[in-house]
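# Overview (structure and organization)
Residue strings, one per chain:
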Amino acid sequence: MSNSESNESDIPNRFDHATAAARIVQAWEAAGCNRATVNPDRKPFTIVIPPPNVTGALHLGHGLNNTLQDILVRTRRMQGFEALWMPGTDHAGIATQAVVERRLREQENKTRHDLGRDALVARIWKWKDQYEARILGQLKRMGCSCDWERTRFTLDDRCAAAVRATFYDLFSQRLIYRGKRLVNWDTFLQTAVSDDEVFNETTQGHFWHFRYKVINPQRGEPLEVEIATTRPETMLGDTAVAVHPDPEAALEAAEKELLEKLAVAPEKDRPAIQLQLDDLLSRRETMLPTLIKLRDMAMSGRHVMLPLMNRPIPLVADSWAKPELGSGCVKITPAHDPNDYEVAQRCGLPMINILLTDGTLNSETGPYQGMTIAAARQKVVADLDSLGQLGEIEDREIELPHSDRSKTPIEPFLADQWFVKMDSLAQSAMDAVTNESVKIFPVRYRKGYLDWLGEKRDWPVSRQLWWGHQIPIWSSLKLSDTDAKALTAKIAKITTEAGSITHQVEEDANGNCQVFVCLRREDANLETAVEALGLIRDPDVLDTWFSSALWPHSTLGWPEKTAELEYFYPTSTLITSRDIITLWVARMVLMGLNNTGKVPFSEVFIHPKILDGLGETMSKSKGNGVDPIDVIDKFGPDALRFGLAWLATETQDVRMPVQYECPHCEKLIDQTKKNRSLPRIHCNHCGGDFSTQWAESADDLALQRGAVVSERFETARNFVNKLWNAARFTLMNLTDFKPVSIDRDCLPLEDRWLLSRLATVTGEVTDATNHYRYAEAARSLYDFAWDEFCSLYVEMAKSRLSDPLQRAQTQTIIAYALDTLLRLLHPIMPFVTEEIWGHLGKAAPSRGLEKQVTAVPFVMRAAWPTIDPRDLADGNIQRQFSVFREVLGAIRQIRSSQNVAPREAVPVAIHCDRAIEDLLTPMRPLLESMANAEVLNLGPTATAFEIDAPLSLATLGIEVHVDLSRFIDVGAELERLERLLGQIVKQIVSKEQKLANESFVSRAPEQVVATERQSLQDLLRQRESVTGDIERMRKRS
RNA sequence: GGGCGUUUAGCUCAGUUGGUUAGAGCAUCUCGUUUACACCGAGAGGGUCGGGGGUUCGAGUCCCUCAAUGCCCACCA
């Protein structure tokens, strides 16, 4: 610190966040500042953290999410609420297991089956411990004021108890059921993944045409039907060929639709549509008779022969077959295609699964058994070719579904799964939002929530994974009716406390029964008893969102009726990102309602997303995630938080270009698509190499790590410094502080102005925070602190503090102002405000205006500022003070335009009316010190100097004159005046036009017209005066 | 295909219920270390508010339309 040796103060001129932050966190924790306990004397305010996945470290997206939560929690805590922020992390089933399995493969070349279930799960726990610690550490360094002693994990005992209870209750209500359903099968992870975990990728593929022979064709009937597919091997599982039940009507409908489209289509799209239309018309000629014939054959139960398998399969009539596409016929593979599955359900077709869980073909496929999908595809095509049943092969782009977790192609797969019936549960969650017991901000997100729930699609909750809450179901083999009865009788005899075991019997179409037992609690004895009856536990685990859905009440102790649950639940607000509104928010609402009868939170705030410089969302997998710790190390935690809050506006995502910082030469290197996932970066500036977050090899890890930062935090860092130094100035001037009691009525204008601004800003910030307008709160504070408190009040205070008559009063007010500012800024910038608060507490332990009160030790626990109505009562204060600002600005502008050196005092005359004279007279010393001026004359009698630079503040009726005889640069002055005249004339023209417009004068409100007239008058006067100045100046040149 | 956003200064973004000359930060230019701060101070330049049309006395703001761009959902034998 260059100036730290100065003996004015023992406070350095930079806030040393690196050492202060850790000390402050420790002090808060030691004093229990973060703790929230059941306290009937206060109203509770609760937020549960969206538990970060333990898959990896947090990035700036989490940084924003948690900053916004902390700002709200800290504000409410200061407002006197018993504020609880519940922390924790999510086990993130598939994602975490996939990460650990991938490492296992990469580093040890082993699969999970090599390890076995218990060993793999143990490894994942280790991983979890490592990343949970890292995540919690990141949150702590960001200053998050969570009640850390309550930290939960979605897979811990308490959450497990909630999951078991919920599953048991839903099972008992028959809201959880077992069904054979087509699921998205990830053949790599060997698990079903939900629709939400599937993404489509366009790849080059083929479209194969096959011909199936009609069995016993009659005269006039086609001998073959043609079908086409992108996945030939699935034909092994075909159970029908479909044709439209009314091909003629379907073609007509398609034609009508195209004609309508043609009518409204823009010129350039028309040829393409016309082409389709022509194709449609030719189909009527060539194909319709055949399709009608096939339809009739379908109606009379005719079959075609499935080649290779030599299995007769029926022709069926179903509208899924579109006569306007392909041959008009479509093969039906119910077990491996979602649409075909629907057809099979409608037509009562058998479903043949041809795959094993690892993606190889099973025994249903005869000679193809054991082959991979790719191999089977080749062989099927070759075999059909040799049979002469292969037709055309087209090249085509295919949208192929991929698993988001393993990045491998998805195979639709028929499997036994557990489902949650969504009907009534979804409805309850929809009602909660429509009747506003849950309010979503911004409101536009309501629609997505309601639409998604409105589909009421049942929720498949089982996952074929090892990491997660194992489904608490034990099932029997398929039994006869009598055996099942005998078994249930035995189950009924198991002695245990009521409500901890239940069972259901499921009977299939063939009369076989299967018994399912559900246990409500983890209980080794009970499990042994159940297993002794030959029942086997379902190996699957629950979808990770099942436990996340319980988070707001499970973390507070449900299903136990704890005092915490009673007091802190329902929670107040949920702050999260838009991509999990359906997956998480909706499910929390319905589970909360189902389990507790109450909504889990009354408000939901959806914040923007952080995008990188290319406009892509930050994510671990893309490699563009920025570790908040990097930003904290470089700029400090307060700058991180303030920067994020400043950027978090309502409508716009946050674009944040990021750079690598070379650890050797500190040169910034832009992060690009190319370099963002490299383990090692070469610095072209200094020639050194450094490692990144992707470094894994020993060589790379040995390098120094390069931080990833963004210049967009500089503004915030500078602001922290500005505040720090304003405080430093204040503290330096409080060494002899003895507070005096302030009488508001006797205060000079500048003090009344400051108090009025403080009250206004308090109102703005409170209101903005209440409505989640964080950027507005941050901007309001920034502008006030920098432009008004620092640039004006502190500057004014300098001369007043040196005046013995004014010193004590000024000290009292500036201490009060700093105190208020620290409270207002604390939720956004907790560290620097706490540090200053500590210093202020030493210099001015007791402070206030009328009455002095001893400050509490932590600003974190200080009361939120309240607004004294007297500070807002006089609406004129701001206007009056702006006169001072205008005059000050005018003198400074003239000085600058004339290149008058700052150290040179200039003589000034201010021509104005009596009222303004009265206003400005007491502020004359301030004007003189802040503009380095000497005010020679002030009032109606003030006149211009002989060599003058005038500036007319027309709307105020003020003319500011500066004597330039010692400084004049005629050329520069002429240039300035002429530019000014140009601006004035432009405005006069526009005003005159406006006022010459008859309809404006007659229709616009009187007030508006009057203002326009007045300002035209002012402008005319100003023109006159400037013209005169120019003439005078010309004479001199 | 459906839904929701976005387009304002070189860059990143504000802009309340339509109403004086559209704002901020960064960048640029000029001057400057006057006892808080060069992570600073004083000042300046820079915008036909994506294009077109409409409503209105008056449009960055409301309506229609076109274009670009992003996200979500659905679908594609």
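Structure: above.
Below or above, wherever it landed, is the structure these notes cover.

Here is what the cut-offs are and how they apply
- Residues numbered from 1 in each chain as written.
- Chains lettered and ligands numbered in written order.
- Predicted model: local features only at pLDDT ≥ 70, side-chain atom pairs only at ≥ 80, totals over all residues.
- Heavy atoms only, no water.
- Helix = DSSP H or I, 4+ residues; strand = E, 2+ residues; numbered from the N terminus.
- Buried < 20%, exposed > 50% of the residue type's maximum accessible area, 1.4 Å probe, protein only.
- Contact = heavy atoms within 4.5 Å.
- Areas by Shrake-Rupley, 256 points an atom, 1.4 Å probe, with all protein chains shown as cover.
- Near = heavy atom within 4 Å.
- Polar contact = N/O pair within 3.5 Å; in protein donor to acceptor, adjacent residues only side chain to side chain.
- Pairing = 2+ DSSP bridges.
- Axes fitted to C-alpha atoms, helices over the stretch in contact; angles between N-to-C directions.
- Salt bridge = Lys/Arg side-chain N within 4 Å of Asp/Glu carboxyl O.
- Phe/Tyr/Trp six-rings, centres within 6.5 Å; stacked < 30°, edge-to-face > 60°.
- Lys NZ or Arg CZ within 6 Å of the ring centre and 35° of its normal.
- Expected span 1.5 Å × (residues − 1).
- Parallel < 35°, antiparallel > 145°, perpendicular 65-115°, else oblique.
- Nonpolar A, V, L, I, M, F, W, Y, C, P; charged D, E, K, R; others polar.
- Core = buried A, V, L, I, M, F, W, Y, C linked by side-chain atoms within 4.5 Å.

## Examining the overall build of chain A
- Broken down by element type, chain A carries 34 helices and 37 strands.
- Taken along its principal axes, the extent of the C-alpha atoms in chain A is 120 × 75 × 65 Å.
- Looking at chain A as a whole, 53% of its 1037 residues are labelled buried.
- A fraction of 76% describes how many contacts in chain A between residues 6 or more apart in sequence connect residues 24 or more apart.
- As displayed, chain A has an accessible area near 46,200 Å², and 49% of this comes from carbon and sulfur atoms.

## Brief notes about the protein's contact with RNA strand B
- Among the 58 residues in the neighbourhood of RNA strand B, the closest are listed as Ala228, Val330, Asn339, Arg712 and Arg1003.
- At 2.7 Å from a base nitrogen of RNA strand B is found a side-chain nitrogen or oxygen belonging to arginine 14.
- Between RNA strand B and the protein, one listed contact pairs a phosphate oxygen with a side-chain N or O atom of lysine 798 at 3.0 Å.

## Here we look at the sheet that holds strand β20 (residues 513–519)
- Here 4 strands make up an open sheet; going across it, the order is β19-β20-β18-β21 and the pairing antiparallel. Each end of this open sheet is capped by a strand with a single partner; those strands are β19 (501–507) and β21 (536–537).
- With 2 bridges connecting them, strand β18 (residues 473–475) and β21 associate as antiparallel partners. When the bridges of β21 are listed, serine 475 appears paired with isoleucine 536.
- Of the strands in this sheet, β18, β19, β20 and β21 touch helix α6 (residues 157–172), which is tilted by about 45° from β19.

## Focus: unusual backbone geometry
- Following tryptophan 558, the chain continues into proline 559 via a peptide bond in cis, with omega recorded as 10°.
- Assignment of secondary structure puts proline 559 in the loop between α17 (551–554) and α18 (563–568).
- In the segment running from tyrosine 569 into proline 570, the intervening peptide bond is cis, with an omega of 0°.
- The topology assignment puts proline 570 in the loop between α18 and β23 (571–577).
- You will see that leucine 308, though not glycine, has its phi angle at about 70°, which is positive.
- Here leucine 308 lies in the loop between β10 (303–306) and β11 (311–317).

## Some details on the pattern of salt bridges
- Overall, the coordinates contain 56 salt bridges when judged by the stated rule.
- Each of Arg35, Asp147, Glu149, Arg150 and Glu564 takes part in a single network of salt bridges with overlapping partners.

## Side note on the packing of aromatic side chains
- Across all of its chains, the model carries 30 aromatic pairs by this definition.
- Geometrically, the ring pair formed by phenylalanine 605 and tyrosine 774 is tilted, given 5.9 Å between the ring centres and 50° between the ring planes. With phenylalanine 605 in strand β24 (residues 601–607) and tyrosine 774 in helix α25 (residues 774–801), this pair connects stretches of sequence that are 169 residues apart. Here the two residues phenylalanine 605 and tyrosine 774 agree in accessibility, since each one is buried.
- Each residue in the set Phe167, Phe171, Trp418, Trp459, Phe516 and Phe546 is aromatic and connected to the rest through ring pairs, giving one cluster.
- When the ring centre of tryptophan 148 is taken as origin, the NZ or CZ atom of lysine 140, which lies over that ring, is 5.0 Å away.
- Between arginine 779 and the ring centre of tryptophan 646, over which it is positioned, the NZ or CZ distance is 4.5 Å.

## Quick look at the side chain of glutamate 221
- Here glutamate 221 is to be found in the loop between β7 (198–214) and β8 (224–229).
- Taking the relative accessible area as the measure of exposure, glutamate 221 reaches 15% and is therefore buried.
- Other than its neighbours up to four places away in sequence, glutamate 221 contacts Asn216, Lys293, Met297 and Arg302.

## Digging into helix α23 (residues 714–732)
- Relative to the 27 Å expected for 19 residues at 1.5 Å per residue, α23 spans 27 Å between its end C-alpha atoms, a close match to the ideal helical length.
- Within α23, burial applies to Ala716, Phe719, Val720, Leu723, Trp724, Ala726, Ala727, Arg728, Phe729, Thr730 and Leu731.

## Re the pairing of β10
- Of the strand pairs in this sheet, β10 and β11 are connected by 4 bridges, and their pairing is antiparallel. Along β11, the bridge assignment pairs methionine 305 with proline 312.
- Adjacent in sequence and paired antiparallel, β10 and β11 are bridged by 4 residues, among which leucine 308 carries a positive phi angle near 70°.

## So, the pairing of strand β37 (residues 958–963)
- Across the 6 residues of β37, 5 count as buried, placing the element largely inside the fold.
- Pairing of strand β34 (residues 906–911) with β37, which is carried by 4 bridges, proceeds in the antiparallel orientation. Across the sheet, valine 908 pairs through a bridge with valine 962, a residue of β37.
- Of the pairings in the sheet, the one linking strand β36 (residues 948–953) to β37 comprises 6 bridges and is antiparallel in character. In the strand pairing of β37, leucine 953 is matched with isoleucine 958.
- Between β36 and β37, which pair antiparallel one after the other, the connecting turn spans 4 residues, and glycine 957 there sits at a positive phi close to 70°.

## What about the sheet that holds strand β14 (residues 410–420)?
- Spatially, 4 strands are ordered β6-β5-β14-β16 in an open sheet, and the strand pairing comes out antiparallel. Every interior strand has two partners, whereas the edge strands, β6 (191–193) and β16 (459–460), have only one.
- Direction of pairing for strand β5 (residues 176–186) relative to β6: antiparallel, over a ladder of 3 bridges. Along β6, the bridge assignment pairs aspartate 186 with threonine 191.
- Against the sheet, helix α10 (residues 338–347) engages β5 and β14, with an angle of about 145° to β5.

## So, the packing of α23 against helix α27 (residues 830–843)
- It is at 11 Å that the axes of α23 and α27 come closest, and there the two elements cross at 0°. Overall, the two elements α23 and α27 adopt an arrangement that is roughly parallel. Across from Val720, Leu723, Trp724, Ala727 and Leu731 in α23, the residues of α27 making contact are Val832, Thr833, Glu835, Ile836, His839, Leu840 and Ala843.
- Here the residues of the contact of α23 with α27 are counted per class, giving 9 nonpolar, 2 polar and 1 charged.

## Here we look at the side chain of histidine 553
- As for its position among the elements, histidine 553 is in helix α17.
- Judged by relative accessible area, histidine 553 falls into the buried class, the value being 0%.

## Some remarks on the nonpolar core
- Among the nonpolar cores identified, the biggest contains 214 residues, and Tyr449, Phe546, Phe789 and Phe884 are the most heavily contacted of them.
- The element that contributes the greatest number of residues to this core is α25, accounting for 15 residues.
- Every residue in contact with phenylalanine 884, bar those within four places of it in the chain, is listed here: Met796, Leu920, Met923, Leu926, Leu927 and Met930.
- Residues Val183, Ala298, Val304 and Leu384 belong to the second largest nonpolar core, which totals 39 residues.

## A look at helix α2 (residues 60–78)
- With 19 residues, α2 extends 26 Å from end C-alpha to end C-alpha; this agrees with the ideal 27 Å at 1.5 Å per step.
- Among the 19 residues of α2, 19 are classified as buried, and the element is accordingly described as predominantly covered.
- The positive-phi residue at the C-terminal boundary of α2 is glycine 80, with phi of around 100°.

Without other data, these values stay purely geometric and don't point to any function.
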